[in-house]
Amino acid sequence: MSGFLGAKEVLTTDRVKEILRKKEYSFLEEKVNLLEVREDSLLLKISFLIEHKKRMISIEEKEPIVVPFKDFNVEDWGDGVRKVADIK
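None of the values given here were measured: they were computed from a predicted structure.

Draft legend 1. Local environment of unusual backbone geometry. A positive phi angle, close to 50 degrees, is found at Lys-53, a residue other than glycine. Looking at where Lys-53 falls in the secondary structure, it is placed in the loop between β2 (41–52) and β3 (55–60). When its relative accessible area of 64% is taken as the criterion, Lys-53 is described as exposed. For Lys-54, which is not glycine, the phi dihedral falls at a positive 65 degrees. On the secondary structure map, Lys-54 appears in the loop between β2 and β3.

Right, dumping it as structure tokens:
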């Protein structure tokens, strides 16, 4: 039986991907947690929180990801006003 305002949307992973792709959300929070710094890489956990039609949807990785440190740009910003130099 559908409610007064109609049937409630049933979410699937494909539908959530479509919501993200088409930006059908009213709120987006992106979060990256640094879990560990290894010899030459970083261990990260990435998650998203979106609001779609007054429903909050949480999306997070099942397993942390390893990103090589060489894939990042590292810069010296001195007092924070402007970039001073690239750090190699």
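Picking up after the structure, the text goes on.
Draft legend 2. Looking closely at the pattern of salt bridges. Applying the stated criterion across every chain, the model contains nine salt bridges. Between Arg-15 and Glu-9 there is a salt bridge, and its shortest N-O distance comes to 2.5 Å. Looking at Arg-15, the relative accessible area reads 17%, which means it is buried. A network of salt bridges, in which partner residues are shared, links Glu-9, Arg-15, Glu-18, Lys-22 and Glu-24.

Draft legend 3. Region of the structure containing the side chain of Arg-15. In this structure, Arg-15 sits in helix α1 (residues 13–21). Here Glu-24 takes part through its side chain, which lies 2.9 Å from a polar atom of the side chain of Arg-15.

About the cut-offs
Residues numbered from 1 in each chain as written. Predicted model: local features only at pLDDT ≥ 70, side-chain atom pairs only at ≥ 80, totals over all residues. Heavy atoms only, no water. Helix = DSSP H or I, 4+ residues; strand = E, 2+ residues; numbered from the N terminus. Buried < 20%, exposed > 50% of the residue type's maximum accessible area, 1.4 Å probe, protein only. Salt bridge = Lys/Arg side-chain N within 4 Å of Asp/Glu carboxyl O. Polar contact = N/O pair within 3.5 Å; in protein donor to acceptor, adjacent residues only side chain to side chain.

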